[in-house]
Amino acid sequence: CMYGIGQVQVQMTPLQALRMVGAVATGLKVAPRPWLVAPNPPQQITTVNPRTAEVIQECMKQVVSDPDGTVHGKFGLDSFNFAAKTGTAQYQANMLRYHSWLVGYGPLPDPSIAFVVVCEKSRLGGGDACAPIVRELMEYLAGKDPRFYRDPSSTPAPEDDR
């Protein structure tokens, strides 16, 4: 039970989390491979149940769009068209500090980018610590691609290039 919610022995790097969120964004068909200089082809993956990707994608959409979602309403993130998952990892027993995460992808339904934000040694959980940073990212991305707005018809006037 604890393993299922990311407690106890779950260990992964931000890069591993980013690859897996990229895989969810593709419907669990491929896992993108990171690259620094030249693109690297994605790795083919298979799943036992083809509905698995749909369930995970829907849950990640609800994190942002459902009023009970862990980032819904935080810093106006519900104004944007993306899917996400928060994480709050205790990094030392009996301390009120966390490694707070927010991973996601967008725009929906045809994502072009996956992201991960990590705030180390935060006093806040994943949604609260990372939401302001993700808001800046979403504003930047929406300035380049209006599909990142939940309602593209309400696109604000362009601002200076950040």
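For the structure itself, consult the block above.
Residues numbered from 1 in each chain as written. Predicted model: local features only at pLDDT ≥ 70, side-chain atom pairs only at ≥ 80, totals over all residues. Heavy atoms only, no water.

> Pulling in residues and values, what's your account of the overall build of the chain?
Of regular secondary structure, the chain possesses 3 helices and 5 strands. Expressed as a percentage of the 162 residues in the chain, the buried residues total 31%. Here the analysis covers contacts within the chain between residues at least 6 apart in sequence; of these, 47% occur between residues at least 24 apart. Accessible area for the chain stands at about 10,200 Å²; split by element, carbon and sulfur atoms hold 56% of it. (Helix = DSSP H or I, 4+ residues; strand = E, 2+ residues; numbered from the N terminus. Buried < 20%, exposed > 50% of the residue type's maximum accessible area, 1.4 Å probe, protein only. Contact = heavy atoms within 4.5 Å. Areas by Shrake-Rupley, 256 points an atom, 1.4 Å probe, with all protein chains shown as cover.)

> Pulling in residues and values, what's your account of the state of the cysteines?
Counting across every chain of the model gives 0 disulfides. Free cysteine Cys 119: the closest other cysteine sulfur is in Cys 130, separated by 3.8 Å. (Disulfide = S-S within 2.5 Å.)

> Can you tell me about the environment of Tyr 149, naming the residues and giving the values?
Mapped onto the secondary structure, Tyr 149 falls in the segment after helix 3 (126–144). Tyr 149 sits 69 residues away from Phe 80 along the chain, and the two C-alpha atoms are 4.4 Å apart.

> Describe in detail the sheet that holds strand 3 (residues 83–90), supporting the description with residues and values.
Sheet strands pair via backbone hydrogen bonds, and the direction of the pair is either parallel or antiparallel. The antiparallel open sheet is built from 3 strands, whose spatial order is 3-4-5. The sheet is open, and its two borders are formed by strand 3 and strand 5 (113–122), each paired with just one other strand. Sheet twist, expressed as the average angle between the axes of neighbouring strands with direction ignored, equals 10°. Here strand 4 (residues 98–106) runs beside strand 5; their pairing, made up of 8 bridges, is antiparallel. Residue pairing for strand 5: Gly 104 is matched across the bridge by Phe 115. (Pairing = 2+ DSSP bridges. Axes fitted to C-alpha atoms, helices over the stretch in contact; angles between N-to-C directions.)

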